[in-house]
Amino acid sequence: MSKILVTGGAGFIGSNFVHYLMDNTDHEVTVLDSLTYAGNKASLVDLPSNRFTFVHGDIRDAELVDELFRKNDTVVHYAAESHNDNSLDNPRPFLETNIIGTYTLLEAARKYDTRLHHISTDEVYGDLELDDPERFSESTPYNPSSPYSSTKAGSDLLVRAWVRSFGVRATISNCSNNYGPYQHVEKFIPRQITNVIRGVRPKLYGAGENVRDWIHADDHSSAVMTIVDKGVLGETYLIGADGEKNNKDVVELILTTMGQPADAYDHVTDRPGHDLRYAIDSTKLRTELGWKPTHADFESGIAATIDWYKANEAWWAPTKDATEAFYASKGQ
Ligand code: NAD
Ligand code: TDX
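Here is a short report on the structure shown in this document.

Analysis parameters
Residues numbered from 1 in each chain as written. Chains lettered and ligands numbered in written order. Predicted model: local features only at pLDDT ≥ 70, side-chain atom pairs only at ≥ 80, totals over all residues. Heavy atoms only, no water. Helix = DSSP H or I, 4+ residues; strand = E, 2+ residues; numbered from the N terminus. Rg over C-alpha atoms; globule rule 2.2 N^0.38 Å. Buried < 20%, exposed > 50% of the residue type's maximum accessible area, 1.4 Å probe, protein only. Contact = heavy atoms within 4.5 Å. Areas by Shrake-Rupley, 256 points an atom, 1.4 Å probe, with all protein chains shown as cover. Lys, Arg positive; Asp, Glu negative; His and termini not counted. Charge placed at Lys NZ, Arg CZ, Asp CG, Glu CD. Polar contact = N/O pair within 3.5 Å; in protein donor to acceptor, adjacent residues only side chain to side chain. 1 Å grid on protein atoms, 1.4 Å probe; cavity = no way out; pocket = protein on both sides within 12 Å on 5 of 7 lines; lining within 4 Å. Points joined across faces, edges and corners; volume = space filled by probe spheres on them. Nonpolar A, V, L, I, M, F, W, Y, C, P; charged D, E, K, R; others polar. Expected span 1.5 Å × (residues − 1).

**Observations concerning the overall build of the protein chain**
Scanning the protein chain from terminus to terminus reveals 11 helices and 13 strands. Against the 2.2 N^0.38 benchmark of 20 Å for 332 residues, the protein chain shows a C-alpha radius of gyration of 19 Å, consistent with a compact globule. For the protein chain, with 332 residues in total, the buried portion stands at 56%. Here the analysis covers contacts within the protein chain between residues at least 6 apart in sequence; of these, 81% occur between residues at least 24 apart. With the model as given, the accessible surface of the protein chain reaches about 13,700 Å², and the carbon-plus-sulfur share is 48%. Across the protein chain, the mean location of the 32 positive side-chain charges is 3 Å away from that of the 49 negative side-chain charges.

Structural data, given as structure tokens:
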């Protein structure tokens, strides 16, 4: 049993990871989260108090970070500004949290020789053509497109530099698009599900041909724990579940699963610089560490996610109006 600090544990993937740890391990878990608009303590209710502690604070607060690193053996770092559309509107918080925040954690890891796992994204590799037979692998050159993905790329490079220069005991994972419960309604899948629940037509950017490689958040969590337990220090692992789908197909699946006509959506203004396609080759993680995903069926995963949003309107309703007002101001 060890003591794990989870940064950003009140966000979408971090909270799913905390639930995964509670259900599948006996580790003691502390969450450090500043509860930005994207953080929600309601994602962490009913956890056992003998194994779970919540600390409200910022990853850029070096004094607090120092104290928490002193008390924990392992840190899994999810905290980030995570939404591309916000990064196009106001990039500064992305630089502050994703770059300075990660730097603050790295300095503490260096001081206490803490095992650190850094969570990152496939977006650091840029995008692929729709007909490109290649997928992203650990050797693909970095080529990020947006303020969000460039700050994530920068944070990855900081981790690599701290490993090489200071011997920090870190690993990195770059995962594809996650779906599942507790995802903020600003993101594609929950936005469309909650729109349909409210009787509003889903909104597809541009022609909807852009491809994302979907993975259930639980599979992301099991992959991260595999890397924390068995990963080789200094290495990067790509996480993906062979889930490529274009956005139009995903919207149509949501609509038909919710009993609506498949074409009951609107095309809206495209995202500037919109990445065309992401696709992950996760052979290294599967062959070297023996990981495999268990949520293979996207259709039933989406149906379960729809059921979760229907059953948990109190969780998402407080953020829905402000999110839609932001999109409306941009014609989206
Ligand atoms: P999210 O926006 O839902 O959650 C981010 C969390 O970090 C929130 O709880 C927020 O309050 C917290 N946070 C933000 N700034 C902070 C700060 N300065 N100090 C402390 N806490 C802070 O994001 P998510 O979708 O759960 O993504 C989590 C991580 O996974 C990110 O690093 C993201 O880059 C990465 N990732 C996400 C996806 C995806 O599909 N969502 C895919 C691959 C990688
Ligand atoms: O209303 C919408 N309509 C639409 O067509 C929204 C919100 C999005 N989209 C499109 C844009 C993308 O092609 O859907 C796709 C997915 O969009 P997002 O949910 O914003 O995700 P994406 O930009 O792909 O980034 C996500 O995956 C990688 C996460 O938000 C990142 O944190 C992660 O790094």
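**Section: the environment of Asp-127**
The residue Asp-127 is located in the loop between strand E5 (115-121) and helix H5 (147-166) in this model. Asp-127 gets classed as partly exposed once you look at its relative accessible area, which sits at 36%. A sequence separation of 14 residues divides Asp-127 from Asp-113, and the C-alpha atoms of the two residues are 35 Å apart. Apart from the residues within four sequence positions on either side, Asp-127 is in contact with Phe-136, His-274, Asp-275, Leu-276 and Arg-277. At 2.7 Å, the side chain of Asp-127 forms a polar contact with the backbone nitrogen of Leu-276.

**Some words on the layout of surface pockets**
In this model, the second largest pocket occupies a volume close to 150 Å³. Contributing to the lining of the second largest pocket are Tyr-37, His-83, Asn-86, His-184, Glu-186, Thr-319, Ala-322, Thr-323, Phe-326 and Tyr-327. No other element matches the 5 residues that helix H11 (residues 313-329) contributes to the lining of the second largest pocket. Of the residues belonging to the lining of the second largest pocket, the class tally is 4 nonpolar, 5 polar and 1 charged.

**Section: helix H4 (residues 92-112)**
Compared with the 30 Å implied by 1.5 Å per residue over 21 residues, the 29 Å span of H4 between its first and last C-alpha is a close match. Taken as a whole, H4 has its buried residues at Phe-94, Thr-97, Asn-98, Gly-101, Thr-102, Thr-104, Leu-105, Leu-106, Ala-108 and Ala-109.

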